[in-house]
Amino acid sequence: MNIKEFENKEEKVFLIRNIIEVRIPKKSYLKLIKKYPKEYIISFSKEKKIFHSITHRPLYYITKESGIPLLGYNAFGLIDRGTNLIQVRPITGCNLNCIFCSVDEGRFSRSRFVDYIVDVDYLVEEFEKISKFKGKNLEAHIDGQGEPSLYPYLVELIEGLNDLKEVSIISMQSNGIPLNKKIIDRLEGKLDRINLSISALDQKIANKLHGVKYPLKKILELAEYIANSKIDLLIAPVWVPNYNDEEITKIIEFALDLGAGKRFPPLGIQKYIPHKHGRRPKTTVMTFKEFYAKLKELEKEYDVNLILKPEYFGTEKRKRIPKPIRKGESYNAKIVLPGRLKDEKLCIVKNRLVSIRSNKRIGGFAKIKIIRDKDGIFFGKEI
Ligand code: SF4
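Note that the structure is a prediction, hence the values are computed from the model and not measured. (Residues numbered from 1 in each chain as written. Predicted model: local features only at pLDDT ≥ 70, side-chain atom pairs only at ≥ 80, totals over all residues. Heavy atoms only, no water.)

Enquirer: Which residues make up the overall build of the protein, and what values go with them?
Expert: Within the protein, the regular secondary structure consists of nine helices and 19 strands. By the compact-globule yardstick of 21 Å for 383 residues, the protein fits well, its C-alpha radius of gyration being 22 Å. Residues counted as buried form 53% of the 383 residues belonging to the protein. Sequence separation of at least 24 residues holds for 67% of the intrachain contacts in the protein that already meet a minimum separation of 6. For the protein, the accessible area works out to roughly 18,700 Å², and carbon and sulfur atoms hold 52% of it. In the protein, the 71 positive side-chain charges and the 49 negative ones have mean positions that sit 7 Å from each other. (Helix = DSSP H or I, 4+ residues; strand = E, 2+ residues; numbered from the N terminus. Rg over C-alpha atoms; globule rule 2.2 N^0.38 Å. Buried < 20%, exposed > 50% of the residue type's maximum accessible area, 1.4 Å probe, protein only. Contact = heavy atoms within 4.5 Å. Areas by Shrake-Rupley, 256 points an atom, 1.4 Å probe, with all protein chains shown as cover. Lys, Arg positive; Asp, Glu negative; His and termini not counted. Charge placed at Lys NZ, Arg CZ, Asp CG, Glu CD.)

Enquirer: Explain the sheet that holds strand β3 (residues 20-25) to me, using residue names and the numbers behind them.
Expert: The sheet built from four strands is open, its strands ordered β1-β2-β3-β4 with antiparallel pairing. If you trace the sheet from one side to the other, it starts and ends with β1 (3-7) and β4 (49-52), each paired once. Averaged over all pairs of adjacent strands, the angle between strand axes in this sheet comes to 25°, irrespective of strand direction. (Pairing = 2+ DSSP bridges. Axes fitted to C-alpha atoms, helices over the stretch in contact; angles between N-to-C directions.)

Enquirer: Summarise the site of the ligand; cite the residues concerned and give the values.
Expert: Lining the immediate surroundings of the ligand are Cys-94, Leu-96, Cys-98, Phe-100, Cys-101, Glu-105, Gly-146, Asn-175 and Arg-279. Its residues assigned to classes, the shell around the ligand comprises five nonpolar, two polar and two charged. (Near = heavy atom within 4 Å. Nonpolar A, V, L, I, M, F, W, Y, C, P; charged D, E, K, R; others polar.)

Enquirer: How would you explain the side chain of Thr-283 if you had to name every residue and give the values?
Expert: Mapped onto the secondary structure, Thr-283 falls in the loop between β14 (270-271) and α9 (288-302). Separated by 2.6 Å, the side chain of Thr-283 and the backbone oxygen of Pro-241 make a polar contact. Sequence-distant contacts of Thr-283, that is, excluding residues within four places in its chain, are made with Val-240, Pro-241, Asn-242, Tyr-243 and Tyr-272. (Polar contact = N/O pair within 3.5 Å; in protein donor to acceptor, adjacent residues only side chain to side chain.)

Enquirer: Quick rundown of the sheet that holds strand β11 (residues 193-196)? Include the residues and the values.
Expert: Ordered in space as β6-β7-β9-β10-β11-β12, the six strands form an open sheet in which the pairing is mixed. With one partner strand each, in any of the chains shown, β6 (77-80) and β12 (232-235) form the two edges of the open sheet. In this sheet, adjacent strand axes meet at a mean angle of 20° when their direction is disregarded. With five bridges joining them, strand β9 (residues 138-142) and strand β10 (residues 167-174) adopt parallel strand pairing. Counterpart to Ala-140 in the pairing with β10 is Ile-170. Seen against the sheet, helix α4 (residues 154-162) touches β7 (85-89), β9 and β10 and runs at an angle of roughly 155° to β10.

Enquirer: Can you lay out the nonpolar core for me, pointing to particular residues and giving the numbers?
Expert: Of all hydrophobic cores here, the largest spans 98 residues; its most connected members are Phe-76 and Phe-127. Counting 12 residues, the second largest nonpolar core, distinct from the first, contains Ile-325, Tyr-331, Ile-356 and Phe-378. (Core = buried A, V, L, I, M, F, W, Y, C linked by side-chain atoms within 4.5 Å.)

Enquirer: Can you break down the confidence of the model for the protein residue by residue, with the values?
Expert: Of the residues in the protein, 100% have a pLDDT of 70 or more, and the chain-wide mean is 97. Overall fold confidence for the complex sits at a pTM of 0.97, while the interface term, ipTM, reaches 1.00. (pLDDT = per-residue confidence, 0-100.)

Enquirer: If you had to explain the UniProt feature "domain: Radical SAM core" (unreviewed entry) in the protein to someone new, which residues and values would you point to?
Expert: Under the local residue numbering, the UniProt record ascribes the feature "domain: Radical SAM core" (unreviewed entry) to residues 78-305. Summarising residues 78-305: 35% helix, 16% strand, and an end-to-end C-alpha distance of 29 Å. (UniProt positions renumbered as here; feature names shortened; annotations may be inferred.)

Enquirer: Please set out the domain arrangement of the protein residue by residue, giving values where relevant.
Expert: As far as domains go, the protein holds domain 1 (3-53), domain 2 (71-313) and domain 3 (330-382). Using only C-alpha atoms to locate each centre, domain 2 and domain 3 end up separated by 29 Å. Across the contact, 20 residues belong to domain 2 and 17 residues belong to domain 3. With both sides pooled, the region where domain 2 packs onto domain 3 buries about 1,500 Å², and carbon together with sulfur makes up 58% of that total. For domain 2, the biggest contributors to the area lost against domain 3 are Leu-71, Gly-72 and Tyr-73; these three give 38% of the whole. Taken together, domain 2 and domain 3 are joined by three salt bridges. Residue Arg-340 pairs with Glu-105 through a salt bridge whose shortest N-O separation is 2.6 Å. Our enumeration of links across domain 2 and domain 3 arrives at 12 residue pairs in polar contact (both at pLDDT 80 or more). Among the elements of the structure, β6 and β8 (115-118) are those that each provide at least two residues to the side of domain 2 that touches domain 3. Its residues placed into classes, the side of domain 2 that touches domain 3 shows eight nonpolar, seven polar and five charged. (Domains from an automatic or database assignment. Buried area = accessible area lost by both parts, 1.4 Å probe. Salt bridge = Lys/Arg side-chain N within 4 Å of Asp/Glu carboxyl O.)

Enquirer: Can you tell me about a nonpolar patch on the surface, naming the residues and giving the values?
Expert: A cluster of nonpolar residues, Tyr-36, Tyr-40 and Phe-44, forms a patch on the protein surface that exposes about 320 Å² of accessible area. The topology assignment puts Tyr-36 in the loop between α1 (26-32) and α2 (38-44). (Patch = residues over 30% accessible without salt bridge, like charges linked within 9 Å, V, L, I, M, F, W, Y side chains within 5 Å.)

Enquirer: Break down helix α3 (residues 120-134) for me, with residues and values.
Expert: Taking 1.5 Å as the rise per residue, α3 with 15 residues should run 21 Å; its terminal C-alpha atoms sit 21 Å apart, in good agreement. Those residues of α3 that fall on the buried side of the exposure criterion are Val-120, Tyr-122, Leu-123, Val-124, Glu-126, Phe-127, Ile-130, Ser-131 and Lys-134. Its side-chain oxygen at 3.2 Å from the backbone nitrogen of Asp-121, Asp-119 defines the N-terminal cap of α3. Positive backbone phi, approximately 95°, marks Gly-135, located one or two places after α3. (Expected span 1.5 Å × (residues − 1).)

Enquirer: Provide a residue-level description of a negative patch on the surface, including the pertinent values.
Expert: On the surface, Glu-253, Asp-257, Glu-297 and Glu-301 cluster together into a negatively charged patch. Taken together, the elements giving at least two residues each to the negative patch come down to α8 (245-258) and α9. Among the secondary structure elements, Glu-297 is positioned in helix α9.

Structure, rendered in structure tokens:
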């Protein structure tokens, strides 16, 4: 196990795989260390607190033993939107602070208060169960509210998914920063595609868009390395009017020059969309009509598909995992976790997570009515 340790006046701190920060009161630690090995204390100390080392928010470790289901919530676990693609969300939290972030992620987030990480064996096991229902030729798409490659068990996750006979494609969204050549080498032959977000080739614009001193040179070198590996590269900029209009053509040329998209399209240009709980830069928002008209022009100019269709990725409709709960139904539900937003709580109903707004304590019960059940993601309200 990759564990670093340090201490301050009050606490003994263990940093596992650079992400999971376990803090134990020093007094208690000094007593425990006389009797137990460090690994045991990290796992079983009752007084420990766990944090995400990048966002500094409390980090909830979701294990099989916790009894917390991996279906029903959009921040972690698995999502089935009725196709052969299953979204795999292993961790929340991001190392960037993009001004256009739809989920207000990063260390300076004003609306996200906790993070989650899912045990890798549990995640693969639950994916396997779903895969038996969904059938062959599945795509496991690793994404999430945050940067999925911060997941400290990424290689193990991809290897686990790769061993499932129903999975034929494994793809991943990434801003690329936590990745390096060594990780790419380890993932070759297992991971099929990386959707790498690059939204500017100009350093100043990149810094502005991502809210940090952006490591542009590293990301461009990484893009080239991926393009020359067996992993397919799709470059995915977010087009934010008034910020990176001139960058889009440069990014298209860069992707084509690199030879991105050998098996799948080389580019996936996304339109900035303001979200209720996302960040909103001062920009004009393009309508979809305007956006697609612009993409069409660029398609002609560069002779490349930019208006993407599900079939380019082998995505097809599939029977959905049956929903055990439906909109309009009422339940007495146990509250098991804090949600990411203020006053948000997660409860369990029939082996699904349901997000509600409530001041009730974790461990208590709430009478709720399901108000949304789209794509197997459930929202309820207290009644
Ligand atoms: S847009 Fe993506 S990379 Fe940027 S802060 Fe949000 S989650 Fe992170």
